[in-house]
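Coordinate analysis (summary)
Residue strings, one per chain:
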Amino acid sequence: MASLLKSFIDPKKNFLARMHMKAISTRLRRYGLRYDDLYDQYYSMDIKEAMNRLPREVVDARNQRLKRAMDLSMKHEYLPKDLQAVQTPFRGYLQDMLALVERESKEREALGALPLYQRTLP
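Since the structure is predicted, the reported quantities are computational estimates derived from the model, not experimental observations.

So, the overall build of the chain
- Looking only at helices and strands, the chain features six helices and zero strands.
- Helices and strands appear in the chain in the N-to-C order α-α-α-α-α-α.
- Per-residue burial over the chain gives 26% buried out of 122 residues.
- Pairs at least 24 residues apart make up 71% of the contacts formed inside the chain by residues separated by at least 6 positions.
- Of the roughly 9400 Å² that the chain leaves accessible, carbon and sulfur atoms contribute 58%.

Next up, the structure:
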């Protein structure tokens, strides 16, 4: 069952998944965003912890991309075509750190230890 689900969402094997990935890529390129930029650090404390562990340069680049995207959105404009061509919307920077943080939190929970950070959201 798991292999069927994986093959269903794999863009290399499924035409609809490939079309969906292309549509997402096009929309992200228009504003110069990456897929990992869409994660909200206020949604989950694990995401916030992963963001805190990233190097400062990576976080600053993320904030610049988000500011540029908001500015373009407010102006009802897109990036110029030449800049859209060099964008890399699926180059991840957060997934590995997020997986590490989630593994650590599951391990701490399994051991019965207290969490490293308070799990309350505003």
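Some points on the nonpolar core
- Grouped together as the largest cluster of nonpolar side chains are ten residues: Ile 47, Ala 50, Met 51, Leu 54, Val 59, Tyr 93, Leu 94, Met 97, Leu 98 and Val 101.
- Taken together, the elements giving at least two residues each to this core come down to α3 (45-53) and α6 (95-111).

Describing the layout of surface pockets
- Here the second largest pocket is characterised by a volume of approximately 170 Å³.
- What lines the second largest pocket is simply Ile 9, Pro 11, Ala 17, His 20, Met 21, Ile 24, Tyr 35 and Phe 90.
- Of all the elements, helix α2 (residues 15-31) adds the most residues to the lining of the second largest pocket, at four residues.
- Each residue belonging to the lining of the second largest pocket can be placed in one class, and the counts come to seven nonpolar, one polar and no charged.

Calculation notes
- Residues numbered from 1 in each chain as written.
- Predicted model: local features only at pLDDT ≥ 70, side-chain atom pairs only at ≥ 80, totals over all residues.
- Heavy atoms only, no water.
- Helix = DSSP H or I, 4+ residues; strand = E, 2+ residues; numbered from the N terminus.
- Buried < 20%, exposed > 50% of the residue type's maximum accessible area, 1.4 Å probe, protein only.
- Contact = heavy atoms within 4.5 Å.
- Areas by Shrake-Rupley, 256 points an atom, 1.4 Å probe, with all protein chains shown as cover.
- Core = buried A, V, L, I, M, F, W, Y, C linked by side-chain atoms within 4.5 Å.
- 1 Å grid on protein atoms, 1.4 Å probe; cavity = no way out; pocket = protein on both sides within 12 Å on 5 of 7 lines; lining within 4 Å.
- Points joined across faces, edges and corners; volume = space filled by probe spheres on them.
- Nonpolar A, V, L, I, M, F, W, Y, C, P; charged D, E, K, R; others polar.

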